[in-house]
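# Report on the structure
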Amino acid sequence: MDDVALGFFQAAQISSLIATAAGVLLGLVVGMIPGMTISTGIIIVLPMTFTMDPNISIALLLGLYVAGMTGGSFSAILLNIPGTPSASATALDGFPMANRGEKGRALGIAIVASFVGGLFSFGCLYLISPFLASVALDFQAPDLFALVFFGLTVICSFAARSLVKGLLSMAIGLLIVSIGQDPIMGTARFTFGDTNLLSGIHFLTAMIGLFAIPQLVENICGQSEISAPSVKSQEFGRVFPSWGDLKRMLVPMMIGSPIGSFLGVLPGAGGPIAAFISYDYAKKANKSPDQFGTGIPEGIAAPESANNAVTGGALIPMMTLGIPGDPVTAILIGALLVHGLAPGPLLFIERADFAYGLIFSFFWANIFNLILALAGIGVLIKVLSTPRALMMPTIAILCVIGSYALRNSFFDVWVMLGFGVLGLVMRWINMPVVPLLLALVLGRPLEEHLRISLTSSQGDLMIFFQSPFSLFFLGLAALSVIWSVFLEPRRERARQAKRTQHI
Amino acid sequence: MTMPVKNIIAAITLMIVGIGYGLLAFRLPDRASIGVPGPGFFPELVAGLMVLMSAALLVKGLTGLRQSNMATGQISFPGKPCGLIVWFGLLIYLLPFLGFLIVSIPFFAGIMLQSDPYRFRRFAAGAVLIPVVLYYLFRDGFHILLPSVPWM
């Protein structure tokens, strides 16, 4: 049987389907709670997946990833509080529509648009991934170094308001990743004689600390609200969009889906950017753009299809090149590594059945997302009134379990807390965490490919300018840095103008 | 505290870290043989990047301070977040001695009290129930052995 069919059957097994459905339910819940991100949701679930079969574990996590995006739109529409940053653009038209008493209509449009965006990105994932993986197989060490270097610089340029802070965050990540045995010769570095540090710092432990602890502290200390007013399910009425609405959604979804899929592939761009760009393009393409912002289906369909399309797009570089596009795919890489599976071009050669299984699990996640969101919306929104007195300590305990269960080590739990403190300090100085996180994932391959390249060229740097792939990626990296350098003063001026307007 | 001041503090701290890390990296062999980069090569590059970027942040902070011409303002001590971190630290410290079940119940109750003191009484049973459920769920459901004391 060929790998595609094997992958399909693996993803269609009852256990995988149940895991996908459970992940979707969790994702819808996590996504709709303001103050909880999809990353935190995945971190909470992660310890449960350590002992699961890799297919089941990835199906659960993918379900959570896909549905988290949709769940974020529920609170954006009902309460004008986006559950996830990607749902911010949905609130622009979703909330006015809900405010008019058309809550069910707004939610239905968001769910169907999410499904279409997700399905489009599944198509991209299915068609592009094997091709890209086969191209990536020809990459030599200098090309791989250039690719990883590009992934890191583009994150620093996009994710950070300030390039300097983005690069500093990346440097901290590279510093941390250099602790332990070096990847080529196995020499112990910066271990200070501590055996716990010999194998380095596990980046999942770091992620739990960096993402969950600062969010927990902010929520508990009242800097952000996690619980919101409850909404009655009886107020919804018909949820599935009417034929007229479906016709109006068609063009915005045709705009949002490709934009989301494309921006998903780019590391660092992410859901919020895709959603706002799609909203803007849908507005320009509309005959009456002044209607946007008043609660029209087009204004919900464009951003929702875009932010769900980002999920499939982000999985393409993750699976084929081992480059995570956002924190969630970085955590997914960590989850795969725990099961001994290394994402990258070889995944399609050595474990093609698993690679296709992952792609088809993504497909099922979108199907379940549509069905469960449409059918269960009335029950799901009750989560919005979950007492934070129970939610916060549960998350705190799951952070401890997650970091301990990774290697059954108390040292890892201390490391998690240390990263939590680091995350808090970074928030205090407005330094982005994402470049650090990606440096933790990509730091080792970066060093490995750099040293292998320089060893093969006897220290000649020209090796990086000889291959077209390497030149292409280094050019893109330089462009992203130059773009960021030029863009930063403009952004700063815009922020200052905004501040002056407020005063 | 204004952002330029925060930038200056961060820049100086990171510069010190970068220099310290660089000094440690220089002790490692940076060449394995002629033309072959050794274990110290990459950390030296990272240290260089860190010092360079810290210097850039310092310049940014100093220019921002001059432009804004603002006083540093009062530094307020973040008592609640620090308390929470200490509470976390206490749990981790006691975990190997007392086991997950014994430690997590007061830990859970403490966080409950901090996050929603008004409804603490209403949900107090959760402080016992949830850690117990989690313990057995991970032990029997996911086969992850959480720390426990020998007499339990």
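Residues numbered from 1 in each chain as written. Chains lettered and ligands numbered in written order. Predicted model: local features only at pLDDT ≥ 70, side-chain atom pairs only at ≥ 80, totals over all residues. Heavy atoms only, no water.

### Regarding the pattern of salt bridges
For the record, the criterion: Put simply, a salt bridge is a Lys or Arg side-chain nitrogen that is within 4 Å of an Asp or Glu carboxyl oxygen.
Under the definition given, this model contains twelve salt bridges over all chains. Taken together, the shared-partner salt bridges in this structure form one network comprising Arg100, Glu102, Arg105 and Asp245 of chain A.

### Considering unusual backbone geometry
All names here are of chain A. Filter applied, for reference: Only DSSP runs of H or I covering at least 4 residues are called helices, and only runs of E covering at least 2 are called strands; the numbering of each starts at the N terminus.
Backbone geometry places Phe192, a non-glycine residue, at a positive phi of 50°. By the secondary structure assignment, Phe192 is in the loop between β2 (188-189) and α9 (203-220). The phi dihedral of Gln458 falls on the positive side, at around 60°, and the residue is not glycine. Topologically, Gln458 is positioned in the loop between α18 (434-456) and α19 (468-502).

### Remarks on the environment of Leu380 of chain A
Residues and elements named next belong to chain A. Quick note on the threshold: Any two residues whose heavy atoms approach within 4.5 Å at even a single point are treated as in contact.
Tracing the backbone shows Leu380 in helix α15 (residues 352-380). Leu380 sits 351 residues away from Val29 along the chain, and the two C-alpha atoms are 6.7 Å apart. Once residues within four sequence positions are removed from consideration, Leu380 is found in contact with Leu25, Leu28, Val29, Met32 and Leu372.

### Considerations on the environment of Ile102 of chain B
For clarity, the cut-off: Relative accessibility under 20% of the residue-type maximum defines a buried residue, over 50% an exposed one, and the middle range a partly exposed one, all with a 1.4 Å probe and only protein chains included.
Position of Ile102 of chain B relative to the elements: it lies in helix α3 (residues 79-115). Judged by its relative accessible area of 31%, Ile102 of chain B falls in the partly exposed class.

### Details of the packing of helix α16 (residues 388-407) of chain A against α3 of chain B
Inclusion rule: Every angle, taken between N-to-C directions, lies between 0 and 180 degrees, and every axis is a line fitted to C-alpha atoms, over only the stretch in contact when it is a helix. Throughout this description, any angle smaller than 35 degrees is read as roughly parallel, any larger than 145 degrees as roughly antiparallel, any in the 65 to 115 degree range as roughly perpendicular, and the remainder as oblique. Definitions for this section: a left-handed crossing has its near helix turned counterclockwise from the far helix by less than a right angle. A right-handed crossing has that turn clockwise.
Contact geometry for α16 of chain A and α3 of chain B: axes closest at 7 Å, N-to-C directions at 160°. One way to sum up the angle between α16 of chain A and α3 of chain B is to call them roughly antiparallel. As for how α16 of chain A packs across α3 of chain B, the hand of that crossing is right-handed. Contacts between α16 of chain A and α3 of chain B involve Arg388, Ala389, Leu390, Met392, Pro393, Thr394, Ala396, Ile397, Val400 and Ile401 of chain A from the former and Phe88, Leu91, Leu95, Phe100, Ser104, Phe107, Phe108, Ile111, Met112 and Ser115 of chain B from the latter.

### Details of the side chain of Ser470 of chain A
Structurally, the position occupied by Ser470 of chain A is in helix α19. Ignoring anything within four residues of it in the chain, the contact list for Ser470 of chain A reads Pro142, Asp143, Ala146 and Phe464 of chain A.

### Points about the nonpolar core
Heads up, the condition is: Put simply, a nonpolar core is a bunch of buried Ala, Val, Leu, Ile, Met, Phe, Trp, Tyr and Cys residues held in one set by side-chain atoms that sit within 4.5 Å of each other.
Core analysis: the largest hydrophobic core is formed by 194 residues, its most contacted members being Phe88 and Phe138 of chain B. When residues no more than four places from it in sequence are discounted, the contact partners of Phe88 of chain B are Ile213, Leu216, Ala396, Val400, Met416 and Leu417 of chain A together with Phe107 of chain B. If you look at the next biggest cluster of nonpolar residues, it comprises eleven residues, including Phe292, Ile296, Ala306 and Val310 of chain A.

### Observations regarding the interface of chain B and chain A
Basically, it comes down to this: Two parts lose some accessible area (1.4 Å probe) when they are put together, and adding that loss for both gives the buried area. Here a polar contact means two N or O atoms within 3.5 Å. Within protein one must be a hydrogen donor candidate and the other an acceptor candidate, and residues neighboring in sequence count only if both atoms are side-chain atoms.
Counting residues at the interface gives 63 residues for chain B and 63 residues for chain A. When chain B packs against chain A, the two sides together hide about 5500 Å² of surface, and 84% of this comes from carbon and sulfur. Summed over the shared surface of chain B and chain A, the result is zero salt bridges. Between the two partners, chain B and chain A, sit six residue pairs in polar contact (both at pLDDT 80 or more).

### Section: helix α3 (residues 38-49) of chain A
Just so we agree on the cut-off: Here, expected helix span is obtained from the residue count minus one, scaled by 1.5 Å.
A rise of 1.5 Å per residue sets the reference length of α3 of chain A, with its twelve residues, at 16 Å; its end C-alpha atoms lie 16 Å apart and thus fit the reference within 8%. Taken across its twelve residues, α3 of chain A has twelve buried, putting it largely inside the fold. Turning to α3 of chain A, its buried residues number three or more, namely Ile38, Ser39, Thr40, Gly41, Ile42, Ile43, Ile44, Val45, Leu46, Pro47, Met48 and Thr49 of chain A. Where α3 of chain A is buried, its residues meet α2 (14-32), α4 (54-79), α9, α13 (327-338) and α16 of chain A together with α4 (126-141) of chain B.

### Notes on the packing of aromatic side chains
All names here are of chain A. To keep it simple, the criterion reads: Pairing of aromatic side chains here covers Phe, Tyr and the six-membered ring of Trp, requires ring centres within 6.5 Å, and sorts the geometry by plane angle: under 30 degrees stacked, over 60 edge-to-face, intermediate tilted. Should the NZ of a Lys or the CZ of an Arg lie within 6 Å of a ring centre and within 35 degrees of the ring normal, that charge is described as sitting over the ring.
Per the stated rule, a full pass over the model turns up 25 aromatic pairs over all chains. Each ring, one from Tyr126 and one from Tyr356, has its centre 6.3 Å from the other, and the planes form 65°; the classification is edge-to-face. Within this pair, whereas Tyr126 is found in helix α6 (residues 103-136), its partner Tyr356 is found in helix α15, the two being separated by 230 residues in sequence. An aromatic cluster is built from Phe8, Phe9, Phe122, Tyr126, Phe348, Tyr356, Phe360, Phe363, Trp364 and Phe368, whose rings are joined through pairwise contacts. Above the plane of the ring of Tyr281 lies Lys284, whose end atom (NZ or CZ) is 5.6 Å from the centre.

### So, the confidence of the model for chain A
Heads up, the condition is: The predictor's confidence in any single residue is recorded as pLDDT, a number from 0 to 100.
Averaged over every residue, the pLDDT of chain A is 85; the share at 70 or more is 93%. No element of chain A has a lower mean pLDDT than α19 of chain A, which averages 78, and none a higher one than helix α8 (residues 163-177) of chain A, which averages 93.

### Brief notes about the environment of Ile359 of chain A
Residues and elements named next belong to chain A. Position of Ile359 among the secondary structure elements: in helix α15. Looking at Ile359, the relative accessible area reads 0%, which means it is buried. If sequence neighbours within four positions are ignored, Ile359 has contacts with Phe122, Leu125, Tyr126, Ser129, Met319 and Phe348.

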